[in-house]
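Chain residues, written in single-letter form:
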Amino acid sequence: MATSTGPRKNSSSSSTPDRPPQAVKFARRTSSGRVVSLSREDDLDMSGEFAGPNDYINYTVMMPPTPDNQPAGSSGPAPSGDKPDGQGPYGPTSRFGAESHRVDMTRRGGGGEEDDGGGGGGGKLDRRMSVMKSNNKSMLLRSQTGDFDHNRWLFETKGKYGIGNAFWQEDEAYDDNGMSMHDFVDKPWKPLTRKVKVPAAILSPYRLLIVTRLVILCFFLAWRIRNPNEEAMWLWGLSIVCECWFAFSWVLDILPKLNPINRQTDLTALSEKFETPSPSNPHGRSDLPGVDVFISTADPEKEPPLVTANTILSILAVDYPVEKVSIYISDDGAAILTFEAMAEAVKFAEDWVPFCRKHNIEPRNPDSYFSVKTDPTKNKKRHDFVKDRRWIKREYDEFKVRINGLPDVIRKRCEMYNSKEEMQEKRAAREKNGGVLPPDQPVKVTKATWMADGTHWPGTWYNPIADHFKGDHAGILQVMSKVPDHDPVMGHPNEKKLDFSGIDTRLPMFAYVSREKRSGFDHQKKAGAMNALVRASAILSNGPFILNLDCDHYIYNSKAIREGMCFMMDRGGDRICYIQFPQRFEGIDPSDRYANHNTVFFDGNMRALDGLQGPVYVGTGCMFRRYALYGFNPPRANEYSGIVGQNKSRASNIPTQTDEDSDTLPLTSHPDLTLPKKFGNSTMFAESIPVCEYQGRPLADHISVKNGRPPGALLLPRPSLDAPTVAEAVAVISCWYEDKTEWGDRVGWIYGSVTEDVVTGYRMHNRGWRSVYCITKRDAFRGTAPINLTDRLHQVLRWATGSVEIFFSRNNPLLATRRLKFLQRVAYFNVGVYPFTSIFLVVYCFLPALSLFSGQFIVQSLNIAFLSYLLTITITLCLISLLEVKWSGIALEEWWRNEQFWVIGGSSAHLVAVIQGLLKVIAGIEISFKLTTKSTAEDEDDIYADLYVVKWTSLFLVPLTIIIVNLVALIMASARTIYSVIPQWSKLFGGAFFSFWVLAHMYPFAKGLMGRKGKMPTIIYVWAGLVSITVSLLWISISPPSDNSTASSSGL
């Protein structure tokens, strides 16, 4: 900052009475614009007797209220705090050194005059200026202070340097080195992300309503307990138990939503930090860390290869440094169809990827791109775009034909090679028997599956035999796209194809992986396949970050990886274990009948968890820190103690324990906090661990960045793959590699649950890691979801079963460490508890029908107190929902669909999940699930044809029974009340209201059973008739009509 001291002596004012006593004043401008003096004299008005033609003598220095910019004394001898020109404690010699006297003389109006008065040989007029060497941290504080906005003041006053009216020309040099104003400007440190809090006008009423409703619920439940229904104690008791559980479940769901936040990223700042020329990066190469992308698939019949190929193409064309991206697909079915489809995809990518880079195509999934209904020429500036698009569209159509024709090509190839093998066997038999084929010894040839090069396929055969079926085959690793060159490979004009002049034509490395499977080994389903990819990728590329996608989830935003990298590379990013992106779906029916979009969870619950310790891991669209996946603790963590975790303290580091010390650990230590030790016997894998940890650190470009790496550390080219490296990668995907290791226990994806994703994320949070929820303006990823009712319920069944397994395992958050925040613990506890709500929900759905059948109600009568409580609870719930819709951005219709499917899923899939979970815990019965078929409809013209396909499942029984029983109860209760001598309308209306509430929630389920054009399955009619007759007979036998009522009816 430019500073100036006052006159050395007061004698100057006596010798020159026409000059002011002090020509330089120090002041500070407040946020309101008021000027506050920092000098000894409070009067800043210089317009009186000292006013004249030379107003420039009145020089006021505006000082921001920061500790390093306080002025020195304004009169008398120079204090010790004054910083002279020359080397001192504040830094090197002032760059103003030789010019200080010239500047002073000009400012005082006596450009050529010199005052010899005073001691010290001109010290009286000496106004020396010094520049303090400020650090980045102080600059950051200056720009963010609430009292004075430095940048805004410079802009409004058009100042070129310093604060106030000091002005220097841009081309003026101050010393022999040619330093100018730009050399003194301390560039502020730019954060890559920032939090955007929900406005207090929304969040404060939201929290107040939650507390209000909680208090009202307590009073209501207390009133219900104190006022039993003496005439129907059984009905009152069932309702009380259900209502208490619903209140408890609501509290578990609403508490983690108290602090929702939003986040924003700065992609420009990311590019400036990592891809801009600098002294550490003179050529401007990318200093970003590497990313390994994992795609998992298992069955080409249920997961079409064309869908998987489009996902691969979107990843190959991602907007990220090509040499930093590596792609791996895990084919757990070892299908040759998937293998050859991926080979075709890489071949087509040689044209598709440069086309996307040339014209900045979005989305980069060709199937989705060519299906977009908007104008494709919008925002396209190149004159040859239309021609290029027409050509690439024709190439993609041919690519689809090749992919769809692969099954026939492979079958014909196998028949040809097998027939040749059979002919060779017959020829050998004839030569052995003198030219005659023995009739009693038929030639047997194994029907093998053949690759295009004429060799046996090492994976699963179409006619399975030993060593060649899904559960028993060798490990396969094929690098389909080699490691790209370090320097860009520019294209050239090609008359047969496209003009890729000036376009980088490189492709990221792409490898096909199918882990070894043998009979007698537990391969741990998807979690085992992902761990095999973790080990193989550590050998081949060792990217410090891992992006996990399902085969039907493609990259919709080509900058999605950059968005996630902003959080990982920002200050404090070394404590983040993963970045979870929201799941967005295509192909959902416009009404979203079964809440497939699940926006209440992804835009509400997950956004709220981001304000705590981070969102849960939901299986796809997640970017992991590889080092965190290995089971290590974060570099810094906090511990929370107290009843609600109100006491926060710094967690101590956990020392490495040896096997001998494991028995001496204190009983209070948690197994999740010990360091992993057993990674397997691969030396190359062990050596890769510290490398990925170092490369995943944020850039140490600021004093506040802890555990960072120096700039330019990731500029070296990647080495090419050699045979020993690939052989080691094949070895680590063998089925025996995990024996006597910690894989699946504390390293990698965690085993023991069908929802391995939630457990894996929970373990990381339990060690003190944080996660971040990244919602981008343009959806990062998009995928497909089952719109068929049966498939949707089976999907929910798998999720709920995994939650029950978590509840009964050591992963129950009640057993978590103190590093897990209290509200985060509540959120994870709700994940394990929510399926048990189905028991109470089913009972409550039958209560209206039981009320109508018995002629009683859950309360003695519909009095004012009950109706007031009911109305208040309903109004507060609606207001809370409206505010939740406001801060989450979901629509009211989506909220209502979610409520409907909560009842449908709770009365069907969740209930079965509880039963299956109990059977597994008590009887040890394992649970198996099948993959969801992506398409089952025969009508290819209607993309929503799956919505109307009715596939009967046992999950339909309970919801269907609820609907029929409530309908029968409504009819019988209405008839009884109408024809009774003394009709009890209040009890009828009370039971009918709740019965209609149940039927309104079950409407999508009933609509799904109806199918299309009267194609309802016969079993639904049969089941409806059986239930109706059974309920009617049961009611008559329990409560037969009395003689008095019959006589009364006859008299009437």
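Residues numbered from 1 in each chain as written. Predicted model: local features only at pLDDT ≥ 70, side-chain atom pairs only at ≥ 80, totals over all residues. Heavy atoms only, no water.

### Some thoughts on the overall build of the protein
We apply this condition: Strands here mean DSSP runs of E at least two residues long; helices mean DSSP runs of H or I at least four residues long; both are numbered from the N terminus. Note on exposure labels: buried denotes an accessible area under 20% of the residue type's maximum, exposed denotes more than 50%, and partly exposed covers the range between, all computed with a 1.4 Å probe on protein chains only. Shrake-Rupley sampling with a 1.4 Å probe provides the accessible areas, and residues are treated as covered by the protein chains on show and by no other component.
Per the secondary structure count, the protein includes 30 helices and 20 strands. Within the protein, the proportion of its 1052 residues that are buried is 50%. Counting every atom, the protein has about 49,600 Å² of accessible surface; 57% of that belongs to carbon and sulfur.

### Observations concerning unusual backbone geometry
In this structure, Pro363 follows Glu362 across a cis peptide bond, with omega equal to -10°. Note that Pro363 resides in the loop between helix H9 (336–359) and helix H10 (366–371). Not every positive phi belongs to a glycine, and Lys740 is a case in point at roughly 60°. Of the residues examined, Lys740 reaches a relative accessible area of 81% and is grouped as exposed.

### What about the packing of aromatic side chains?
The geometry of an aromatic ring pair is captured by the separation of the ring centres together with the interplanar angle, meaning the angle of the planes. Short version of the rule: Any two rings among Phe, Tyr and Trp, with Trp reduced to its six-membered ring, count as a pair given centres within 6.5 Å; such a pair is stacked if its planes are under 30 degrees apart, edge-to-face if over 60, and tilted if neither. Lysine NZ or arginine CZ positioned within 6 Å of the ring centre and within 35 degrees of the ring normal marks a charge as sitting over the ring.
Tallying each qualifying case throughout the model produces 49 aromatic pairs. Between Tyr617 and Trp749, the ring centres sit 6.4 Å apart and the planes meet at 65°, which makes this aromatic pair edge-to-face. One end of the pair, Tyr617, is in the loop between helix H15 (599–609) and strand E16 (622–625); the other, Trp749, is in the loop between helix H18 (723–731) and helix H19 (756–766), and 132 residues separate them in sequence. Taken individually, Tyr617 and Trp749 each receive the classification buried, so the pair is uniform in this respect. Among the aromatic residues, those joined into a cluster by ring pairs are Phe220, Trp223, Phe857, Phe866, Tyr869, Phe993 and Phe994. Its end group placed over the ring of Trp743, Arg535 keeps NZ or CZ at 4.9 Å from the ring centre.

### Examining the environment of Thr874
To keep it simple, the criterion reads: Here a polar contact is recorded for every N or O atom pair within 3.5 Å, except that within protein the pair must consist of a potential hydrogen donor and a potential acceptor, and residues adjacent in sequence are included only if both atoms are side-chain atoms.
As for its position among the elements, Thr874 is in helix H23 (residues 864–888). Residues Thr874 and Arg213 lie 661 residues apart in sequence; the distance between their C-alpha atoms is 9.3 Å. Reaching out from Thr874, the side chain makes a polar contact with the backbone oxygen of Leu870 at a distance of 2.7 Å.

### A closer look at the sheet that holds strand E7 (residues 325–331)
Note the cut-off: Each pair of strands is called paired provided DSSP finds at least two bridges between the two strands. Axis lines are fitted to C-alpha atoms, over the contacting stretch for helices. Their N-to-C directions set the angle, which ranges from 0 to 180 degrees. Residues count as neighbours in contact if any of their non-hydrogen atoms are within 4.5 Å of one another.
The eight strands are arranged E10-E11-E7-E6-E12-E16-E14-E19 in an open sheet whose pairing can be described as mixed. The strands lining the two open edges of the sheet, one partner per strand, are strand E10 (476–481) and strand E19 (770–773). Averaged over all pairs of adjacent strands, the angle between their axes in this sheet comes to 20°, without regard to strand direction. Sheet strands in contact with helix H14 (residues 560–568) are strand E6 (291–297), strand E12 (545–550), strand E14 (576–580), E16 and E19, and its direction is about 150° off that of E14.

### A look at the pairing of E7
This is how the line gets drawn: Handedness is read with the strands pointing away from the viewer; a crossover is right-handed when the path from the first strand over the helix to the second is clockwise.
Most of E7 is tucked away, with seven of its seven residues classed as buried. Neither face of E7 is open: one carries Val325, Ile327, Ile329 and Asp331, the other Ser326, Tyr328 and Ser330, and all of them are buried. Pairing analysis gives seven bridges linking E6 to E7, with the strands arranged parallel. When the bridges of E7 are listed, Val291 appears paired with Val325. Assessed by its sense of winding, the connection that carries the chain from E6 through helix H8 (residues 305–316) to E7 is right-handed.

### A few points about the side chain of Thr801
Turning to its location among the elements, Thr801 is positioned in helix H20 (residues 789–807). The exposure class of Thr801 is buried, given its relative accessible area of 0%. There is a polar contact of 2.7 Å between the side chain of Thr801 and the backbone oxygen of Leu797.

### As for the sheet that holds strand E13 (residues 554–555)
Here three strands make up an open sheet; going across it, the order is E13-E20-E15 and the pairing mixed. With partners counted over all chains shown, the strands left at the sheet margins are E13 and strand E15 (584–586), one partner each. Two strands pair when backbone bridges link them, and E15 and strand E20 (residues 781–784) are joined in this way by three bridges, in the parallel orientation. The partner of Phe585 across the bridge, within E20, is Gly783.

### Notes on the environment of Leu235
Tracing the chain through its elements places Leu235 in helix H6 (residues 233–254). Once the C-alpha coordinates of Leu235 and Phe857 are considered, the two residues, 622 residues apart in sequence, prove to be 7.2 Å apart. For Leu235, the contacting residues outside a window of four places in its chain are Leu847, Leu850, Ser851, Gln856, Phe857 and Ile858.

### Regarding the pattern of salt bridges
Put simply, the rule reads: Within this document, salt bridges are pairs made up of a side-chain nitrogen of Lys or Arg and a carboxyl oxygen of Asp or Glu, the two lying within 4 Å of each other.
Counted by the stated rule, this structure contains 43 salt bridges. For the salt bridge of Lys358 with Asp388, the shortest nitrogen-to-oxygen distance reads 2.9 Å. Of this pair, Lys358 sits in helix H9 while Asp388 sits in helix H11 (residues 385–404); the two residues are 30 residues apart in sequence, bridging distant segments of the chain. There is no split in this pair, since Lys358 and Asp388 are both buried. Here Arg697 and Glu693 are joined by a salt bridge, their closest N and O atoms 3.2 Å apart. A relative accessible area of 18% places Glu693 in the buried class. Members of the salt-bridge network, linked through shared partners, are Arg584, Glu586, Asp603, Asp779 and Arg782.

### Overview of the nonpolar core
Which entries qualify depends on this criterion: Here, the term nonpolar core denotes a set of buried Ala, Val, Leu, Ile, Met, Phe, Trp, Tyr and Cys residues that are joined through side-chain atoms within 4.5 Å.
Grouped together as the largest cluster of nonpolar side chains are 130 residues, with contacts concentrated most on Phe624, Tyr630 and Phe685. If we ignore the near neighbours within four places in the chain, the residues touching Tyr630 are Val534, Ala538, Pro676, Phe679, Phe685, Ile689, Cys692, Trp743, Arg746 and Val747. Formed by 79 residues, the second largest nonpolar core is a distinct cluster that contains Leu192, Val293, Trp352 and Ile561.

### Things to note about the side chain of Asp610
If you trace the backbone, Asp610 turns up in the loop between H15 and E16. With a relative accessible area of 2%, Asp610 lands in the buried category. Engagement of the side chain of Asp610 in a polar contact is seen with the backbone nitrogen of Tyr773, the distance being 3.3 Å. For Asp610, the residues in contact, after removing those within four places along its chain, are Ile261, Arg263, Pro615, Arg770, Ser771, Val772 and Tyr773.

### With respect to helix H28 (residues 1003–1010)
This is how it is decided: Working definition: the arc comes from the directions between the helix axis and the C-beta atoms, pointing outward to the latter.
Among the residues of H28, Pro1004, Phe1005, Gly1008 and Leu1009 are the ones counted as buried. Viewed end-on, H28 has its buried residues packed into an arc of 140°, placing them on one side of the element. Just downstream of H28 lies Gly1011, where phi reads positive at about 65°.

### Let's talk about the confidence of the model for the protein
This is how the line gets drawn: pLDDT expresses, on a scale from 0 to 100, how confident the predictor is about each individual residue.
On average, residues of the protein score 80 in pLDDT, and 75% of them reach the 70 mark or higher. Contacts of residues 1–23 to residues separated by more than four positions or lying in other chains number 63 contacts, the stretch itself having pLDDT below 50. Within the model, pLDDT remains below 50 along residues 160–186, and this stretch shows 54 contacts once partners closer than five positions in the same chain are excluded.

### A short note on the packing of H19 against helix H21 (residues 822–833)
Heads up, the condition is: Comment on the angle field: the value is read as roughly parallel under 35 degrees, roughly antiparallel over 145, roughly perpendicular from 65 to 115, and oblique elsewhere. For any helix crossing, the convention is left-handed if the near helix is rotated counterclockwise from the far helix by under a right angle, and right-handed if that rotation is clockwise.
The interhelical angle for the contact between H19 and H21, taken along N-to-C directions, is 160°, at an axis separation of 12 Å. When the interaxial angle is binned, H19 and H21 end up roughly antiparallel. Here H19 and H21 pass one another in a crossing that is left-handed. Residue-level inspection shows Val758, Gly761, Tyr762 and His765 of H19 in contact with H21, the latter providing Gln824, Tyr828 and Val831.

### Side note on a nonpolar patch on the surface
Worth spelling out the cut-off: Note on patches: the residues involved have over 30% relative accessible area and no salt bridge, like charges join within 9 Å, and the nonpolar side chains Val, Leu, Ile, Met, Phe, Trp and Tyr join within 5 Å.
Judged by side-chain polarity, Leu871, Ile875, Leu879, Leu882 and Leu892 come together as a nonpolar surface patch covering roughly 440 Å² of accessible area. Looking at the nonpolar patch element by element, the count peaks at four residues for H23. Its location among the elements puts Ile875 in helix H23.

### Some thoughts on the pairing of E14
With five of its five residues buried, E14 lies for the most part within the structure. Both E14 and E19 contribute to a ladder of four bridges, which runs parallel. Among the inter-strand pairings, Ile579 is bridged to a residue of E19, identified as Val772. Bridging between E14 and E16 involves three bridges; their strand directions are antiparallel. Each residue of the ladder has a partner; that of Ile579, found in E16, is Met623.

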